[in-house]
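Inside the fold
Single-letter residue listing:
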Amino acid sequence: MGPVEAQAARTPELPALVIAGGAVVTYRELNAAANRLARVLTARGARPGAVVGLAAAGRPADLLTSLLAVAKSGAAYLPLDPADAPGRRELLLARTAPVCVLGEGVPGALAGLDAAGELATDPPRALTPQHPLCIGFGPGGRPEEVRLTHGEADRRVRELQAAHPLGPGDRVLQLGLPLWEFLWPLRTGAAVVLADPHWPGDVGTLVRDLGVTAVRATSTALLGG
């Protein structure tokens with residue numbers, strides 16, 4: 001999280017998020033919102049070695065704010081798909097024991113936490129590169145657990161940046177990709193472009209209307225399958 005926080009300090013007024021429909025969130029606003037939420041999560045037990053579940057959010061910006069807040073707390077995030085069979089979802093929750101679940105569409109998930117009274121400054125955290133950033137699971141009835149550490153995520157992001165450099169002025173549309181990849185443009189001063197489920201439009205429309213300069217997506221997402 002350090003590189004994202006450093007970028008927010010360097011370019012606080014640049015857009016960090018651009019949302020279908022025209023809404024813009026600056027680096028200052030995104031970082032402050034994530035800092036406040038991180039402190040609320042810490043009070044609930046989020047810390048290095050703990051897990052926080054992340055489900056779909058009603059507003060596109062909320063999921064990214066939650067991702068940053070979990071990383072700032074030091075905990076790992078567990079992506080949860082509301083479309084999963086209840087038995088699989090319950091298995092994942094039982095195996096990881098998250099301190100809470102943020103989002104919507106999952107029983108017990110918290111659609112919103114009041115963080116208005118919390119400090120907006122970057123919180124301290126006792127992280128090492130070996131602490132997990134994300135805990136994922138493969139398909140099937142007894143899915144295999146896969147952990148992505150902060151160190152491995154940092155290495156992958158640096159490789160992406162070396163292969164496809166981003167910077168201030170870039171607007172990156174990412175579709176169907178793991179959440180940790182959203183850290184890549186936010187470390188470089190670029191803006192993440194988010195589709196809005198309440199704002200219909202295909203990929204071409206988003207690219208044209210929102211000034212997208214780069215698209216990174218799975219083939220399934222591009223084909224709409």
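This text gives an overview of the structure that appears in the document.

Calculation rules
- Residues numbered from 1 in each chain as written.
- Predicted model: local features only at pLDDT ≥ 70, side-chain atom pairs only at ≥ 80, totals over all residues.
- Heavy atoms only, no water.
- Salt bridge = Lys/Arg side-chain N within 4 Å of Asp/Glu carboxyl O.
- Helix = DSSP H or I, 4+ residues; strand = E, 2+ residues; numbered from the N terminus.
- Buried < 20%, exposed > 50% of the residue type's maximum accessible area, 1.4 Å probe, protein only.
- Pairing = 2+ DSSP bridges.
- Axes fitted to C-alpha atoms, helices over the stretch in contact; angles between N-to-C directions.
- Contact = heavy atoms within 4.5 Å.

A closer look at the pattern of salt bridges
Going through the model one piece at a time under the given rule, you end up with 14 salt bridges. Note that Glu5 and Lys72 form a salt bridge whose closest N and O atoms lie 2.8 Å from each other. Here Glu5 is found in helix α1 (residues 2-10), whereas its partner Lys72 is found in helix α3 (residues 60-73), with 67 residues between them in sequence. Neither Glu5 nor Lys72 differs from the other in exposure class; each is buried. When the shortest N-O distance is used, the salt bridge between Glu152 and Arg155 registers 2.4 Å. Taken together, the positions of Glu152 and Arg155, both in helix α5 (residues 150-163) and 3 residues apart, correspond to about one turn of that helix. Counted as one network, the salt bridges with shared partners bring together Glu5, Lys72, Asp122 and Arg125.

Quick look at unusual backbone geometry
The phi angle at Ala97 is positive, at roughly 50°, despite the residue not being glycine. Its place among the elements puts Ala97 in the loop between α4 (86-96) and β5 (101-102). Judged by relative accessible area, which is 55%, Ala97 ranks as exposed.

As for the environment of Gly176
When you line up the elements, Gly176 lands in the loop between β8 (171-175) and α6 (183-186). A C-alpha to C-alpha distance of 17 Å links Gly176 and Asp62, two positions 114 residues apart in sequence.

A look at the sheet that holds strand β1 (residues 15-19)
Strand order in the open sheet formed by 5 strands is β2-β1-β9-β8-β10, with mixed pairing between adjacent strands. Since the sheet does not close on itself, it has two edges, and those belong to β2 (23-26) and β10 (214-217), each with one partner. Along the sheet, successive strands turn relative to each other by an average axial angle of 25°, direction set aside. Alignment of β8 against β10, held across 4 bridges, turns out to be parallel. Its bridge partner lying in β10, Gln174 is registered against Arg216. With respect to the sheet, α3 is in contact with β1 and β9 (191-194), its orientation differing from that of β1 by roughly 145°.

These figures capture arrangement, not role.
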